[in-house]
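Overview (structure and organization)
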Amino acid sequence: MIIKVSENKPNLPGAIKITYSSGQVQVFKIKK
Amino acid sequence: MSSSICGPEIFGADPINIKWSVVRGDTASITVSFLQNDEVTPFNISTWDFTCTAYDPYSDMVDVLTSVKNISAGTITITAPASMTKDWGTGYKKVRVNELRFDVQATINGATDAQDIIWTPIIGSISVLSDLSYN
């Protein structure tokens with residue numbers, strides 16, 4: 001038997017980039 | 001005795017977790033860019049509203065940070081003014097005087113209020129470094 005579980009999510013961005021005032025940058029992929 | 005080879009797996013909401021260093025009494029800001037899957041093209045956030053809040057466990061105070069949205073760039077700029085950060089921790093003996101929790105919450109507006117979706121894309125901590133110079 002296969003059980004499929006899925007979560008309902010809205011249309012979300014693929015990534016979020018954080019830019020700090022120091023100029024440092026972090027990029028995170030959004031899990032979908 | 002038997003044991004399952006299937007361990008628990010963690011799914012669901014998984015906001016990104018960041019650590020933001022702020023010097024007490026300084027104006028601090030970060031820019032958050034929402035991007036499409038190519039990680040370059042801005043994501044459409046025209047119908048989104050944002051709230052960014054910080055919680056100081058020592059004073060038990062909640063501060064609402066300002067967030068300014070740039071629709072064409074798909075960004076929000078979050079700012080903690082100096083008048084706010086000057087109260088984030090006391091003393092001079094330690095370099096790190098406080099650690100606040102904060103998050104960014106988006107309201108993805110639907111056609112009606114009942115169709116609004118709340119999403120918290122970012123959680124994290126604000127590490128407050130002590131300052132010596134006083135304005």
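Look up: the structure comes first, before these words.
Basis of the calculations
- Residues numbered from 1 in each chain as written.
- Chains lettered and ligands numbered in written order.
- Predicted model: local features only at pLDDT ≥ 70, side-chain atom pairs only at ≥ 80, totals over all residues.
- Helix = DSSP H or I, 4+ residues; strand = E, 2+ residues; numbered from the N terminus.
- Buried ≥ 20, exposed ≤ 12 C-beta atoms within 10 Å, placed from the backbone.
- Core = buried A, V, L, I, M, F, W, Y, C linked by C-beta atoms within 7 Å.
- Contact = placed C-beta atoms within 7 Å.

1. Thoughts on the overall build of chain A
Looking only at helices and strands, chain A features zero helices and two strands. The C-alpha extent of chain A, read off along each of the three principal axes, is 50 × 20 × 10 Å. Out of the 32 residues belonging to chain A, those deemed buried represent 6%.

2. Comments concerning the environment of Pro81(B)
With respect to the element layout, Pro81(B) can be found in the loop between strand 5 (75-80) and helix 1 (82-85). Along the backbone, Pro81(B) and Asp26(B) are 55 residues apart, and their C-alpha atoms lie at a distance of 7.1 Å.

3. A word on the nonpolar core
All names here are of chain B. Of all hydrophobic cores here, the largest spans 24 residues; its most connected members are Val22, Val32, Phe34, Ile78, Leu100 and Ile126. Broken down by secondary-structure element, the contributors of at least two residues to this core are strand 1 (16-23), strand 2 (28-35), strand 3 (48-56), strand 5, strand 6 (96-108) and strand 7 (117-129). Of the residues forming this core, the biggest block, five residues, is contributed by strand 2. Every residue in contact with Ile78, bar those within four places of it in the chain, is listed here: Ser29, Ile30, Val32, Cys52, Leu65, Ser67 and Val104.

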